[in-house]
Amino acid sequence: MFGIVRPCAHRLSEGLRTEWMAHLCGLCLALRADHGQFARVVTNYDGLIVSVLTEAQVERTADRRRTAGPCPLRSMRTAPVARGEGARLAAAVSLVLASAKVRDHVADRDGLLKRRPVAAAARRVAAGWDRAGARTGAELGFDTAVLVDAVDRQTGIESLAGPGSSLLTVTEPTETATAAAFAHTAVLAGRPGNAAPLAEAGRLFGRLAHLLDAVEDQETDAASGAWNPLTATGTPLTEARRLCDDALHGVRLALADAEFTDGTLAHVLLVHELRRSVDRAFGSTGCAHGTDGQPAGSFGPAPGNPYAPGPGGPPGPPPEPPRNRRGLIAGCLVWAGLACTCQLCCAGTFHDPWSGQPREGLCHKGDCCEGCCEGCDCCGNCCGCCGDGGCDCGCDC
């Protein structure tokens, strides 16, 4: 999964974490329902924001959630997932933008895509995603041609960019694409007055996505000889950071101008978590995941027999009956899903892949909540960020 807004679960309250996962799983299942199993590979963290924004503008009803079956990424548990037009729009946008990403890698001849047969196959896959996204978009009244046009213009703009060129000229196609996607959530929600502010939020979000991708890839692009907007235009990191900070401020102001039924999750993702993404890309802060603070026995019981009698004391209670355990291979698959989605380190609690017993993640003591209150001072400490791991108070900062 790719994307710039990748919140660690320990920073979201339990309610917001459930909502975030509902939209992530809803996007994944919408891709499967409309476009088949293989399309699920384009599931990404930024795409779900389209689903979040759509739902934030409408009244919550029971039919906006359904119970999905067990999934390895959820430790083989069922869960409520988002459904409806927001999830389908997110799926259509994700397909078209993933297609653009594939074509970009083909153009840069990255990795195996240097080989012509592989590159040709990748182009066919990208073209199929374009058509699939266009079909779903048309059913929702969204013309994905604006996304495809933006992608097509990107190559020409990059070929003309050089030292001294404006970096914002290079990011314009991405800004146009994301502005259109964000604005259409207002159409789906029946809130035409929100179209303009959400288009502005989307435009600046697209700018951030393009800039942060350039910052994170600059060293590897230089090593491989790939085109990078910062290097090509001679833009220093200090200027890129200034542009990012301006965009963050603009997103916050644009969201304040929109009317939401419940914009809490959208606010957390597009204000607090988006700022963390910028800090992460520029190396300002980081999530202190690690094993130094791991408690003894956090992934299993303490050694020894917990029911052994103490010195001179009566025997303890009988051991619990054995649980049905997964086999080695099935447990490893579930473990891989937990690891890939950071649930082992920062979900607070998770179920052991083999025994099914509840376990505590590496961050359960709050060691990686360092700095988690940053950006929440404007809430008047009403949400107790460091206490419950997230801002769930509806503050409008």
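Remember, predicted model here, so these are calculated numbers, not experimental data. For every chain, the first residue of the written sequence is number 1, and numbering continues from 1 along that sequence. Given that the model is predicted, a residue must reach a pLDDT of at least 70 before its local features are reported, and side-chain atom pairs must reach 80 or more before they are shown or counted; all residues, however, enter totals for whole chains, interfaces and linings. With hydrogens and water stripped out, all remaining heavy atoms of the structure feed into the side-chain values.

To continue, consider the overall build of the protein. Counting its regular elements, the protein contains 13 helices and 4 strands. With a 1.4 Å probe rolled over the protein chains alone, any residue whose accessible area is under 20% of its type maximum counts as buried; one over 50% counts as exposed, and the rest are partly exposed. Buried residues in the protein amount to 47% of all 397 residues. In what follows, residue pairs with any heavy atoms lying within 4.5 Å of each other are defined as contacts. Taking the contacts inside the protein whose residues are at least 6 apart along the sequence as the reference set, 69% of them involve residues at least 24 apart. Carbon and sulfur atoms make up 56% of the accessible area of the protein, which amounts to about 19,200 Å² in all. Here a helix means four or more residues in a row that DSSP labels H or I, a strand means two or more in a row labelled E, and each is numbered from the N terminus. Surface exposure here means Shrake-Rupley accessible area, sampled with a 1.4 Å probe, where a residue is shielded only by the protein chains that are shown.

This brings us to the packing of aromatic side chains. Ring pairs are drawn from Phe, Tyr and Trp, using the six-membered ring of Trp, whenever the two centres fall within 6.5 Å, and their geometry is named by plane angle: stacked under 30 degrees, edge-to-face over 60, tilted for the rest. Under the defined criterion, the tally for this structure stands at 3 aromatic pairs. Ring geometry for F38 and W129: centres 6.0 Å apart, planes at 25°, overall stacked. You can see F38 sitting in the loop between α1 (14-35) and α2 (48-56) and its partner W129 sitting in helix α4 (residues 116-139), a full 91 residues away along the chain. Taking relative accessible area as the criterion, F38 reaches 54% and is therefore assigned exposed. The class for W129 is buried, based on a relative accessible area of 11%.

What follows is about the packing of helix α3 (residues 85-108) against α4. Interaxial angles span 0 to 180 degrees and are taken between N-to-C directions of axes, which are lines fitted to C-alpha atoms, for helices over the stretch in contact. Between α3 and α4, whose axes approach to 8 Å, the crossing angle comes to 155°. Regarding the angle of α3 to α4, the classification is roughly antiparallel. Handedness of the crossing formed by α3 with α4: left-handed. Contact residues: R88, A92, L95, V96, A98, S99, V102, R103 and V106 in α3; A119, A122, R123, A126, A127, W129, D130, A132, G133, T136, G137 and E139 in α4. Looking at the contact of α3 with α4, its residues break down into 12 nonpolar, 4 polar and 5 charged. Each angle is binned into one of four classes, with values under 35 degrees roughly parallel, values over 145 roughly antiparallel, values of 65 to 115 roughly perpendicular, and all other values oblique. By definition, turning the near helix anticlockwise from the far helix through less than a right angle yields a left-handed crossing, and turning it clockwise yields a right-handed one. Gly falls in the polar group here, along with every residue not listed as nonpolar (Ala, Val, Leu, Ile, Met, Phe, Trp, Tyr, Cys, Pro) or charged (Asp, Glu, Lys, Arg).

What follows deals with α1. Its 22 residues give α1 an end-to-end C-alpha distance of 31 Å, which sits within 8% of 32 Å, the value for a rise of 1.5 Å per residue. Just beyond α1, the residue with positive phi is G36, at close to 95°. A helix is expected to span 1.5 Å multiplied by its residue count minus one.

As paired elements, strand β1 (residues 65-71) and strand β2 (residues 77-82) share 5 bridges and run antiparallel to each other. In the strand pairing of β2, R66 is matched with V81. Between the antiparallel neighbours β1 and β2 lie 5 residues, among them S75 with a positive phi of about 60°. A pair of strands is considered paired only if DSSP assigns at least 2 bridges between the two.

With respect to the secondary-structure elements, T43 resides in the loop between α1 and α2. Here R40 takes part through its backbone oxygen, which lies 2.8 Å from a polar atom of the side chain of T43. The term polar contact refers here to a pair of N or O atoms within 3.5 Å; inside protein, the definition further demands a hydrogen-donor-capable atom paired with an acceptor-capable atom, and it admits residues adjacent in sequence only when both atoms are side-chain atoms.

Side chains of residues three or four places apart in an α-helix project in the same direction, reflecting 3.6 residues per turn. Helix length check: helix α9 (residues 237-257), at 21 residues, gives a terminal C-alpha distance of 30 Å against a target of 30 Å (1.5 Å per residue), a fit within 8%. Among the residues of α9, A240, R241, L243, C244, A247, L248, G250, V251, A254 and L255 are the ones counted as buried. Next to the buried residues of α9 lie α6 (167-189), α7 (195-224), α8 (229-233) and α10 (264-281).

On to the environment of L53, then. In this structure, L53 sits in helix α2. Classification of L53 by relative accessible area gives buried; the value is 0%. Each C-alpha atom, one on L53 and one on H267, is 9.5 Å from the other, the two residues being 214 residues apart in sequence. Beyond its immediate sequence surroundings of up to four residues, L53 is in contact with F182, T185, L198, F260, A266 and L270.

On to the state of the cysteines, then. The term disulfide refers to a covalent linkage connecting the sulfur atoms of a pair of cysteines. Disulfides are defined as cysteine sulfur pairs within 2.5 Å. Applying the stated criterion across every chain yields a total of 0 disulfides. The structure places no disulfide on C25, whose sulfur is separated from the nearest cysteine sulfur, that of C71, by 6.3 Å. C71 supplies the cysteine sulfur nearest to C28, a cysteine that is in no disulfide, at a spacing of 6.6 Å. Note on C28: relative accessible area 17%, which makes it buried.

It is worth spelling out the pattern of salt bridges at this point. The salt bridge definition used is simple: a Lys or Arg side-chain nitrogen within 4 Å of an Asp or Glu carboxyl oxygen. Applying the stated criterion to the full structure yields 18 salt bridges. The partner of E175 in a salt bridge is R207, and the shortest N-O contact between them spans 2.9 Å. Separated by 32 residues along the polypeptide, E175 in helix α6 and R207 in helix α7 bring together distant segments of the chain. With respect to class, E175 is no different from R207; both count as buried. The partner of D279 in a salt bridge is R241, with the nearest N and O atoms 2.8 Å apart. Taken together, the residues span a long stretch of sequence, with D279 in helix α10 and R241 in helix α9 at a distance of 38 residues. The class for D279 is buried, based on a relative accessible area of 5%. Through salt bridges with shared partners, a single ionic network connects E19, E55, R60 and R65.

This next bit is on the confidence of the model for the protein. Per-residue confidence for the protein averages 78 on the pLDDT scale, and 71% of its residues sit at or above 70. Think of pLDDT as the predictor's per-residue confidence, scored from 0 to 100. Ranking the helices and strands of the protein by mean pLDDT puts α9 first, with 97, and helix α13 (residues 385-388) last, with 39. Scored below 50 in pLDDT, residues 288-322 shows 31 contacts in the model against residues more than four places distant or in partner chains. Per-residue pLDDT stays below 50 along residues 364-396; that stretch engages in 61 contacts with residues further than four places along the chain or on separate chains.

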